[in-house]
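Coordinate inspection notes
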Amino acid sequence: MALLEVSNVSKQFGGLAAVSNVDFHVNQGEIVSIIGPNGAGKTTIFNLLTGVYDVTEGKIVFDGKEIQNKKVQHIVNAGIARTFQNIRLFKNMRTIENVMVGFHQNTRYNIFDLIFRTPRFRKYEKEAHIKALEVLHSLGFEKYIHTYAGNLPYGEQRKLEIARAIATGAKLLLLDEPAAGMNPQESEELLEFILGLKDQGFTIILIEHDMSVVMNISDRIYVLDHGKMIADGLPEEIASNQMVIEAYLGKSEDDAAD
Amino acid sequence: MDKRDKIIWLVLLAALIVLPAVGLSRYLQRVISLIFIYSMLGLSLNIVTGYMGQISLGHAAFYAIGAYTSGLLSEHFGLNFLLTCVCGIIMAGIIGWLFSIPTTKLSGTYLAIITMGFGEIVKVVIVNWESLTHGTYGLQRIAKPEFFGFQLNTTNNGLYYLCLIFLVIFVLLCIAIERSKLGRSLRAIKDDPLAASLMGVEINHYKRMAFTISTAMAGCCGALYAHLSGYVDANSFNSDVSTLILSIVIFGGMGSIKGMLLGAAVLVSFPEVLRFVAVYRFVVYGLILIVMMVFRTDGILGGPSKRPYVFPRFVKLEKGEVTKNGTAGGK
Ligand SMILES: Nc1ncnc2c1ncn2[C@@H]1O[C@H](COP(=O)(O)OP(=O)(O)OP(=O)(O)O)[C@@H](O)[C@H]1O
Ligand SMILES: [Mg+2]
C-alpha cells in the first residue's frame, strides 16, 4: 500500500476552486514531483497535507490513517514535515536552535523537569543537542552552527529549513520549491542533497519549477493545472506529454485573457 | 551562560550582598528594593513580551492580585509571609491562566487593548469591593515578613535581602526557561507561529503556559511589594505601573535577562535622580524611550548575541567537533 494516498481532494476558497478532485499517491522511498504553472494549486496541496487548511472534500490517508482536517501538530507527529516556498525560519534563533525546535515533539520533559533540572531534563536536552549537531553535520553546516538563521546565505537558509523538517522525525518530506532563487551550481548541490535524503530512506514530495532538477531526481511526476491533475507519469513521459506542454505554453494566453 | 556572563553575574551578586554594609539610608534601601521588585516584574513580563512577542499593558493587574491576596491573608489569618506569598503566586497564576483562555488567539494591538482593559477592571474591582479590599482605604499596616520570630525590616536590612533572594530565584528561573524547550518554543512562536506549529509546537498551549508563568511571577512581586511597603491601595497598581513594566522590557532589551535588571535600575531610579527637574522628569523619561525606539529597537541589551552558542555543561562534545567562531571548542 502507498505511504500517502490522496483521493478526490478539493479545496475551495470562496468561489475559487484552488484544488479540485485531485487523486495521487506516493510510495515509500519515492521522490515524487508536483509541477504546474503559477497558481495551479501546488502549495495549496501542501497546506492540505499538513493540516494548515481543511479540505473541502476528499480523503488523505497517510501510513494507513486518515489525516485530512487533523490538527497541524497531529500531522507532524504522524510523520509529515515540510519546507516553505517563502522561507520561514526562526530568524532570531541560531541554526542549532532552529533544528532543536524541530525536535520539539521528541524532547519529552515538562515544566517541573525544566525548573529542577531533573535527570529527565538533562537526558532529553542532551539528546536534542547531539541529534541537532548530527543533522547539521550531515548537511555540512559545521561552520554555521552558531549563526542566526536570518544571517545565513540564501541557499543555506533553504537547506536549514530541510534540516529542521528532518529533525521532526518525519518519514515524508514536502519540499516547496527548494531550488527557488538558487544559481545552477547551488541547485546542483541541492539535487545531490535530496538524492542523499532518499538514500537515507526519506520519502519526498517536491514542488519545483526548475525542470533540470525535476527531470533528474523524480521517480514520478504529477502535473497540476488550474487545480486539476492533468497528467502523471515518469519524467520522460511528462517531458513529451502534449497536455503538459500546452499547460505551460498556454499560460501566457490565460494571463492575457485574465 | 558563558564564562564572561558568569563573572558578571557573580560580581554583581557579590556587590549587592555587601552593599548594605556601607550603610544605606532607609530611602536608598527602599529605592534599591524597588529596583529589585521592578527587575522581577520586568523578568516576568519578559516571558510573554520578550520571548514570545506578545504585548501586555495590564501586567499591574496581576501584580495587584498577588499583593492583595498576600496582604489580606496576612491581615485576616496572620499567616506566615512565605505562605501568603505562595497563595499570591497561585491566585495571580490562576487568574492569569483563566484570562489567557479566551485571549489565546489574540495578538498585537488587540491583546494590548484587552490587557489594558483588564488592568482597569481589576482596579475598579479593588476600589468597589469594599467588604473585601477596604476600597479606597487600601490595605494598611501589612505585617512585615517574619521568620522564626525574627522580623525583617529596613533597620536590619532584612527586606533588602529578602528582595535580593527573590530576584536571584527569578533570574535562575528565567535562565532555566531560556535554555530549554519552553524558551525555544516561545522564541519560535515570536518569529513565526505557523512554522512553529508545523514543527509540532502546540502554540495555544505554550501561549497559555507563558501567560500563566508570567502572571504567577507578577503575583509573587505583588506579595513582596505589599509586605515591603506595608501599604497598598488601587493606585499602587494603576496603568502607569503597567507602562513602566513594559518600558523596562523594551528599554532593557526584549528577551535579555540582564536587560531587565538594567532597565529597572535606570527607569526606577531616573524619576528619583531627576527630582530636581520636577515635573519635567517625565518629559526626559519619555524622550529616552522615544530615542530608544528610534535608534535601538532591540533595547540596550537585547538583540542577537555576537558570541557563540553555549552548550549545556552536560552535553559533552568531542574535542574539535565544534570549534570557535562558528564552532565552540572542547566541552
Ligand atoms: N488562503 C487563500 N485564500 C484564497 N485564495 C488562495 C489562498 N491560498 C491560495 N489561494 C489561491 O489558490 C490558487 C492556488 O494557489 P497556490 O499557492 O496553491 O498555487 P501554486 O501552484 O503554489 O503557485 P506558485 O507556483 O505561484 O507557488 C491561487 O489562485 C491562489 O490565489
Ligand atoms: Mg506555491
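The notes below deal with the structure included here. Residue indices follow the written sequence of each chain, beginning from 1 at its first position. To label them, take the chains in the order written and letter them from A, then take the ligands in the order written and number them from 1. Residue-level local features of this predicted model are given only where pLDDT is at least 70; pairs of side-chain atoms are given and counted only at 80 or more, and the full residue set underlies all totals for whole chains, interfaces and linings. Where side-chain values are given, they derive from all heavy atoms of the structure, hydrogens and water being excluded.

**A few points about the site of ligand 1**
Residue and element names in this part refer to chain A. What counts here: Being near a molecule or strand, for a residue, means having at least one of its heavy atoms within 4 Å of it. Counted as a polar contact is a pair of N or O atoms within 3.5 Å, where, for protein atoms, one must be capable of donating a hydrogen and the other of accepting one, and residues adjacent in sequence contribute only when both atoms are in side chains. Surface accessibility follows the Shrake-Rupley procedure with a 1.4 Å probe radius. Residue values consider only the protein chains on display as shielding. Runs of E in the DSSP output that reach at least two residues are strands. Runs of H or I that reach at least four are helices, and both are numbered from the N terminus. When residue character is reported, Ala, Val, Leu, Ile, Met, Phe, Trp, Tyr, Cys and Pro are called nonpolar, Asp, Glu, Lys and Arg charged, and the others, Gly included, polar.
Around ligand 1 sit 14 residues, and of these Gly39, Lys42, Thr43, Thr44 and Gln85 come closest. Between ligand 1 and the protein, one listed contact pairs an oxygen atom with a side-chain N or O atom of Asn38 at 2.9 Å. The contact in question runs from a nitrogen atom of ligand 1 to an N or O atom on the side chain of Tyr53, over 2.9 Å. For ligand 1, the accessible surface in isolation is 630 Å², of which the surrounding protein chains cover 65%. The set of elements that each furnish at least two residues to the shell around ligand 1 consists of β2 (16-26) and α1 (42-49). Per-element tally for the shell around ligand 1: the top contributor is α1, with 3 residues. Here the shell around ligand 1 is built from residues that sort into 5 nonpolar, 7 polar and 2 charged.

**With respect to the packing of helix α4 (residues 81-103) of chain B against helix α5 (residues 108-128) of chain B**
Residues and elements named next belong to chain B. What counts, and what does not: Think of each axis as a best-fit line through the C-alpha atoms, taken over the contacting stretch in the case of a helix, with angles from 0 to 180 degrees between the N-to-C directions. A clockwise turn of the near helix away from the far one marks a right-handed crossing, whereas an anticlockwise turn of less than a right angle marks a left-handed crossing. Only heavy atoms enter the contact rule, under which two residues are in contact if any of them lie within 4.5 Å.
Orientation of α4 relative to α5, taken along the N-to-C sense of each, is 145°, at an axis distance of 12 Å. Crossing handedness for the pair α4 and α5: right-handed. Along its contact with α4, which presents Ile95, Phe99 and Thr103, the element α5 presents Leu111, Ile114, Thr115 and Phe118. Tallied by class, residues from the contact of α4 with α5 come to 5 nonpolar, 2 polar and no charged.

**Some points on a nonpolar patch on the surface**
What counts, and what does not: By definition, no residue in a patch forms a salt bridge, and every one has over 30% relative accessible area; like charges are joined within 9 Å, nonpolar side chains (Val, Leu, Ile, Met, Phe, Trp, Tyr) within 5 Å. We define a salt bridge as a side-chain nitrogen of Lys or Arg found within 4 Å of a carboxyl oxygen belonging to Asp or Glu.
A cluster of nonpolar side chains, contributed by Val86(B), Ile90(B), Ile94(B), Trp97(B), Leu98(B) and Ile101(B), occupies part of the molecular surface with about 540 Å² of accessible area. If you trace the backbone, Ile94(B) turns up in helix α4.

**Quick notes on the sheet that holds strand β6 (residues 80-82) of chain A**
Residues and elements named next belong to chain A. Defined as follows: Here the rule is simple: two strands pair whenever DSSP picks up at least two bridges between them.
Pairing is mixed in the open sheet, where 6 strands are placed in the order β6-β7-β8-β3-β9-β10. At either end of the open sheet lies a strand with only one pairing partner, and these are β6 and β10 (228-233). Across the sheet, the mean angle separating the axes of adjacent strands is 20° when strand polarity is ignored. This element, helix α7 (residues 184-199), spans β3 (31-35), β7 (172-176) and β8 (203-207) of the sheet and lies at about 150° to β8.

**Thoughts on the pairing of strand β9 (residues 220-225) of chain A**
All names here are of chain A. To be explicit about the condition: Each residue is assigned to one of three classes by its accessible area relative to the maximum for its type, calculated with a 1.4 Å probe on protein chains only: buried under 20%, partly exposed between the two thresholds, exposed over 50%.
Counting buried positions along β9 gives 6 out of 6 residues, so the element sits mostly inside the fold. On β9, burial covers both faces: Arg220, Tyr222 and Leu224 on one face and Ile221, Val223 and Asp225 on the other are all buried. Across 4 bridges, β3 lies against β9 in parallel orientation. In the sheet register, Ile34 faces β9, and the bridge partner there is Tyr222. The pairing of β9 with β10 spans 5 bridges and is antiparallel. Each bridged residue has a counterpart across the sheet, and for Val223 the counterpart in β10 is Ala231. Following β9, the chain reverses through 2 residues before pairing antiparallel with β10; His226 in that reversal takes a positive phi of roughly 45°.

**Focus: the sheet that holds strand β4 (residues 57-62) of chain A**
Residue and element names in this part refer to chain A. Across the sheet, 4 strands lie side by side as β2-β1-β4-β5; this open sheet has antiparallel pairing. One side of each edge strand has no neighbouring strand; the edge strands of this open sheet are β2 and β5 (65-66). Relative to β5, β4 runs antiparallel, the two sharing 2 bridges. Looking at β5, one finds that Phe62 is bridged to Lys65. On top of the sheet, α1 reaches β1 (4-13), β2 and β4; it is set at about 65° to β2, its chief contact.

**Here's the deal with the coordination of the magnesium ion (ligand 2)**
Residues and elements named next belong to chain A. Convention followed: Note that water is not among the atoms considered, so a metal site may appear incomplete; the donors listed are N, O and S atoms within 2.8 Å of the metal, with 3.2 Å applied to Na, K and Ca.
Taken together, Thr43 (OG1) and Gln85 (OE1) make up the protein donors of the magnesium ion (ligand 2), found 1.9 to 2.1 Å from the metal. Remark: Gln85 occurs in the loop between β6 and α3 (95-102) and Thr43 occurs in helix α1; sequence separation between them is 42 residues. Assessed through its relative accessible area of 30%, Gln85 is described here as partly exposed.

**Notes on the interface of chain B and chain A**
Where the parts come together, the accessible area they lose is often given as the size of the interface. As a reminder, the rule being used: A simple way to read buried area is as the amount of 1.4 Å-probe accessible surface that goes missing from two parts once joined, with both sides added.
Listed as interface residues are 43 residues of chain B and, on the opposing side, 43 residues of chain A. Here chain B and chain A share an interface that buries about 3800 Å² over both sides, 65% of which is from carbon and sulfur atoms. It is Arg184(B), Met199(B) and Phe314(B) that lose the most area in chain B upon contact with chain A, and together they represent 21% of the buried surface on that side. Put simply, chain B and chain A have 3 salt bridges between them. Two residues, Arg187(B) and Glu97(A), come together in a salt bridge whose shortest N-O distance is 3.0 Å. For the interface between chain B and chain A, the tally reads 16 residue pairs in polar contact (both at pLDDT 80 or more). Counting residues per element, the ones that place at least two in the side of chain B that touches chain A are α7 (158-178), α8 (181-191), α9 (193-198) and α10 (203-229) of chain B. Across the side of chain B that touches chain A, the residue classes tally to 24 nonpolar, 8 polar and 11 charged.

**Notes on the state of the cysteines**
Test applied: Cysteine sulfur atoms are paired as a disulfide whenever they come within 2.5 Å of each other.
Inspection of the entire model under this criterion finds 0 disulfides over all chains. You can see Cys221(B) has no disulfide; the closest cysteine sulfur is in Cys220(B), sitting 5.8 Å from it.

**Concerning the packing of α3(A) against helix α6 (residues 154-167) of chain A**
Residues and elements named next belong to chain A. Running from amino to carboxyl end, α3 crosses α6 at an angle of 35°, the nearest separation of the two axes being 6 Å. Taken as a pair, α3 and α6 cross one another with a handedness that is right-handed. In contact with Thr95, Asn98, Val99 and Gly102 of α3, α6 contributes Leu160, Ala163, Arg164 and Ala167.

**Some thoughts on unusual backbone geometry**
The phi angle at Asn69(A) is positive, at roughly 60°, despite the residue not being glycine. Inspection of the secondary structure puts Asn69(A) in the loop between β5 and α2 (72-78). You will see that Arg141(B), though not glycine, has its phi angle at about 45°, which is positive. Along the polypeptide, Arg141(B) turns up in the loop between α6 (130-133) and β1 (146-147).

**Structural notes on the pairing of β3(A)**
Residues and elements named next belong to chain A. Among the 5 residues that make up β3, 5 are buried, leaving the element largely enclosed by the rest of the structure. Bridge count between β3 and β8: 4 bridges; the pairing is parallel. Each residue of the ladder has a partner; that of Ser33, found in β8, is Leu206.

By themselves these figures say nothing about function.
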